[in-house]
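# Structural overview
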Amino acid sequence: MVEVDVFWAYAIGGSCAVAAGRPLASASAPIDTAHFTRTLLLLALVWAPTGLLLLLRHPSWETMQVADDFAAIPPWLTLGFGLTNVTQGIVGFLVGARLLAHGRRYAAHLNWLLGYFAMFFVLLYGWDGRGYDRFLYDRDMFGGVAWTPGAGLQPGAGVHFLTSSVARTLYLDGLYLLPPLLYLIGRWHRDDARRTNNPHAARSIVDWAGLHLGLIFGVALGAAGFTALVTHQLFAITNNHAIAIAIAVPLSLAILWQGLLAPGRPLQRRLARTLGL
């Protein structure tokens, strides 16, 4: 989706940086490294086309039900979408590289996880508390009828989205994107673990790739779900989505940091052991 892919691209770039590990941390110019070149190729040749395919085939869904069809999307937005799917990944990579260069490996992991957190929050809450509702609605299943609030949960929608035309395109995108992405991240993590005598040096590429997915759907999605719930509660008080989001996001992140993620907290200790930090 257009509204979330900038965050997803950032997360991909940041996760590639942290997977690269020590060679990137010691590089005087991160953009001159082979890791950056391969990340850039991944972003431009694998990641970016998946979003453009969805935009062309399902413009209403890809814009979170904002555009009625592809003709309704301004040309600058289409160009910007394709561009930022690459540039935001570069930004995520460079931020991760800078954190690694300063010896802040845990912060480098939080950097890419924050990208996925933002992505999931938009999918769950959006800007009006209907992110999940917009996500679950494919107008092709209802004769092209435009989305209205609650449409994603009506009979014939919801779980039936898994067999929709949008879902089939997502499956195709996944087959194209996930193998090279997970292989690259898994291999770089494995190589860096072996290079640095990490206690988890025996892990395979598949093991590292599985751990990566676990962090995405455990830490990032869990944090986004908690934040979305807090936002819903604050909206019930303020009756204003913008105010609720502005308060809930920093408040939720502060709670998660102090309770789970700060140094010495339970989840931080678990992550440090799991990742060999």
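Here we summarise the structure given alongside this text. (Residues numbered from 1 in each chain as written. Predicted model: local features only at pLDDT ≥ 70, side-chain atom pairs only at ≥ 80, totals over all residues. Heavy atoms only, no water.)

## Notes on the pattern of salt bridges
Spelled out, the test is: The term salt bridge refers to a pairing of a side-chain nitrogen on Lys or Arg with a carboxyl oxygen on Asp or Glu at a separation within 4 Å. Exposure categories follow from relative accessible area, calculated using a 1.4 Å probe and restricted to protein chains: below 20% of the type maximum is buried, above 50% is exposed, and the middle band is partly exposed.
Taken as a whole and judged by the stated rule, the model has six salt bridges. Salt-bridge contacts for Arg130 lead to Asp133; the nearest nitrogen and oxygen are separated by 3.4 Å. Residue Arg190 pairs with Asp191 through a salt bridge whose shortest N-O separation is 2.9 Å. Judged by its relative accessible area of 18%, Arg190 is buried. When salt bridges with common partners are traced through the structure, they connect Arg187, Arg190 and Asp191 into a single cluster.

## What about the packing of helix α6 (residues 105-124) against helix α9 (residues 205-238)?
In helix packing, the relevant descriptors are the interaxial angle and the interaxial distance, both defined with respect to the helix axes. Threshold: Between N-to-C directions, angles cover 0 to 180 degrees, with each direction set by a line fitted to C-alpha atoms, over the stretch in contact for helices. We count a stretch as a helix when DSSP gives it H or I for four or more residues in a row; a strand needs E for two or more, and each element gets its number in order from the N terminus. For classification, angles of less than 35 degrees are called roughly parallel, those exceeding 145 degrees roughly antiparallel, those between 65 and 115 degrees roughly perpendicular, and all remaining angles oblique. For any pair of crossing helices, the crossing counts as left-handed if the nearer helix is rotated counterclockwise from the farther one by less than a right angle, and right-handed if it is rotated clockwise. Classification convention: Asp, Glu, Lys, Arg as charged; Ala, Val, Leu, Ile, Met, Phe, Trp, Tyr, Cys, Pro as nonpolar; all other residues, Gly among them, as polar.
It is at 8 Å that the axes of α6 and α9 come closest, and there the two elements cross at 50°. Relative to α9, the element α6 is oriented oblique. In terms of crossing hand, the pair formed by α6 and α9 is right-handed. Within the contact of α6 with α9, the residues separate by chemical class into 16 nonpolar, four polar and no charged.

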